[in-house]
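Examining the three-dimensional arrangement
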Amino acid sequence: MGNLRYFTWAFAFTALGLVAGGWLGWASTGTVQGALSVFFICAVLGVLEISLSFDNAIVNAKILKDMTPVWQRRFLTWGILIAVFGMRIVFPLAIVAIAAWINPFAAIELAISNPGEYSRIMNEAHLGIAAFGGTFLMMVGLKYFFDAEKEVHWIHVIESRITRFASLKGVEIGFVLALILLFTYLLPAGEANTFMYAAIWGLLTFLGVEVLGEVLDASQETMDTVHKGGMGAFLYLEVLDASFSFDGVIGAFALSNNLFVIAIGLGIGAFYVRSMTIMLVEKGTLNEYRYLEHGAFWAILTLAVIMYLQSLVHIPEVITGLIGAGLIVLALVSSIRHNRHEASLEAQSGGAEGEKAQEAVSAA
């Protein structure tokens, strides 16, 4: 029961969200079947978002544990508003407004009066969104592995070799640029330009957030108002959160073209991600399971590659979620095995020392 307390708000929002989804279904169709259908879609979207966001929660916890308590609280309060309202409602509306060259109010009217056209515009924008989000997430994952100070390796044969190249400045940037050029070459001319420009903007956004984060944290540290891990880390987390949300928001239109149904379903998942993040930070789970971070960052790289591949072929979001969750489960199992092995070695060491002490006593 102790861990369930972390999910109190998530459970409450789930109940309210599913009731609201059922009401939307009833209001739009006037039938019990319609109400149950929307109710079910909201539930499935919530599960989909959770499965896609296990790695998000772990990465959030990794960064959040080094932030000051003030900024931790701000991320967990303001952040949930941005995640649910901003990414699940404002972001899709902004995409439609930009793609259709209409104002935001017209985009809202379009979402309500003509959800089919709204969904079509969102799907047409998928290529640019996938290129932008995939590039940003790829840089996040590569930054973790291209670390000269990284000593713990999960997939040792790969990670240890990557670490050797970490001293080469800009190696991860060069790798991503090479991938961008490769996919630009593989795509048709019109799509290639869209992919390349969006991907470059994703790379520049990552670098910009990194630089701005360092500047903000440095200035705050100088003023002695907030130490390292303040506004800069908050900004980085929000952009990272948004990148994780891109794929889920676009994929949700495969289940429903109703903006508000999607917002409810994905919002339910977002609350569980926040709850998992809080639990991981407070219980020190990342320290207890040494390979859990590795699994999360491998999942991030996998998601980034899948977002790139989606520019060429359709990959169902369920597969993406299962791969990410599978990598994290494997990392968790490896961590448990490592802990058991360490405990066994300590027990053997303790037993050997006890025997030596007993022999010493006998000899005396």
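Everything below is about the structure printed above this text.
Presented here is a report on the structure given in the accompanying data block. (Residues numbered from 1 in each chain as written. Predicted model: local features only at pLDDT ≥ 70, side-chain atom pairs only at ≥ 80, totals over all residues. Heavy atoms only, no water.)

Regarding helix α12 (residues 259-283)
For α12, built from 25 residues, the straight-helix expectation of 36 Å at 1.5 Å per residue is met to within 8% by its first-to-last C-alpha distance of 36 Å. When you tally the buried positions in α12, you get 20 out of 25 residues, the bulk of the element. Just downstream of α12 lies Gly 284, where phi reads positive at about 65°. (Helix = DSSP H or I, 4+ residues; strand = E, 2+ residues; numbered from the N terminus. Expected span 1.5 Å × (residues − 1). Buried < 20%, exposed > 50% of the residue type's maximum accessible area, 1.4 Å probe, protein only.)

Structural notes on the packing of helix α7 (residues 126-145) against helix α9 (residues 171-186)
Between α7 and α9, whose axes approach to 10 Å, the crossing angle comes to 145°. Two packed elements cross with a definite hand, and for α7 against α9 that hand is right-handed. Note on element contacts: α9 touches α7 through Glu 172, Ile 173, Phe 175, Val 176, Leu 179 and Ile 180, opposite Thr 135, Met 138, Met 139 and Leu 142. (Axes fitted to C-alpha atoms, helices over the stretch in contact; angles between N-to-C directions. Left-handed = near helix turned anticlockwise from the far one by under 90°. Contact = heavy atoms within 4.5 Å.)

A few points about the nonpolar core
In this structure, Tyr 118, Met 138, Val 140, Phe 195, Leu 240 and Tyr 308 are the most contacted members of the largest nonpolar core, which totals 100 residues. Setting aside its immediate chain neighbours within four residues, Tyr 308 contacts Ala 131, Gly 134, Thr 135, Met 138, Val 176, Leu 179, Ile 180, Phe 183, Phe 195 and Ala 199. (Core = buried A, V, L, I, M, F, W, Y, C linked by side-chain atoms within 4.5 Å.)

Observations concerning α7
Relative to the 28 Å expected for 20 residues at 1.5 Å per residue, α7 spans 28 Å between its end C-alpha atoms, a close match to the ideal helical length. Most of α7 is tucked away: 18 of the 20 residues are buried.

Here's the deal with the packing of aromatic side chains
One pass over the structure, following the stated rule, counts 11 aromatic pairs. Ring geometry for Phe 145 and Trp 298: centres 4.7 Å apart, planes at 40°, overall tilted. Of this pair, Phe 145 sits in helix α7 while Trp 298 sits in helix α14 (residues 292-309); the two residues are 153 residues apart in sequence, bridging distant segments of the chain. Seen from their ring centres, Phe 183 and Tyr 308 are 5.2 Å apart, and the 75° between their planes marks the pair as edge-to-face. Separated by 125 residues along the polypeptide, Phe 183 in helix α9 and Tyr 308 in helix α14 bring together distant segments of the chain. Using a relative accessible area of 8% as the deciding quantity, one classes Phe 183 as buried. Through a chain of ring-to-ring contacts, the aromatic side chains of Tyr 144, Phe 145, Phe 297 and Trp 298 assemble into a single cluster. Lying over the aromatic face of Tyr 6, Arg 5 brings its terminal NZ or CZ to 4.2 Å of the ring centre. (Phe/Tyr/Trp six-rings, centres within 6.5 Å; stacked < 30°, edge-to-face > 60°. Lys NZ or Arg CZ within 6 Å of the ring centre and 35° of its normal.)

Describing the pattern of salt bridges
Two side chains carrying opposite charge are able to pair once their charged atoms lie near each other. Tallied over the full model, the rule gives three salt bridges. For Arg 120, the salt bridge is made with Glu 124, and the minimal N-O distance between the two is 2.4 Å. Of this pair, Arg 120 and Glu 124 both sit in helix α6 (residues 115-124), four residues apart, which is roughly one turn of the helix. (Salt bridge = Lys/Arg side-chain N within 4 Å of Asp/Glu carboxyl O.)

As for a nonpolar patch on the surface
A cluster of nonpolar side chains, Leu 182, Tyr 185, Leu 186, Val 305, Leu 309, Leu 312 and Val 313, forms an exposed patch at the surface whose accessible area comes to about 650 Å². If you list the elements that add at least two residues to the nonpolar patch, you get α9 and α14. With three residues, the single largest contributor to the nonpolar patch is α9. Looking at where Val 305 falls in the secondary structure, it is placed in helix α14. (Patch = residues over 30% accessible without salt bridge, like charges linked within 9 Å, V, L, I, M, F, W, Y side chains within 5 Å. Areas by Shrake-Rupley, 256 points an atom, 1.4 Å probe, with all protein chains shown as cover.)

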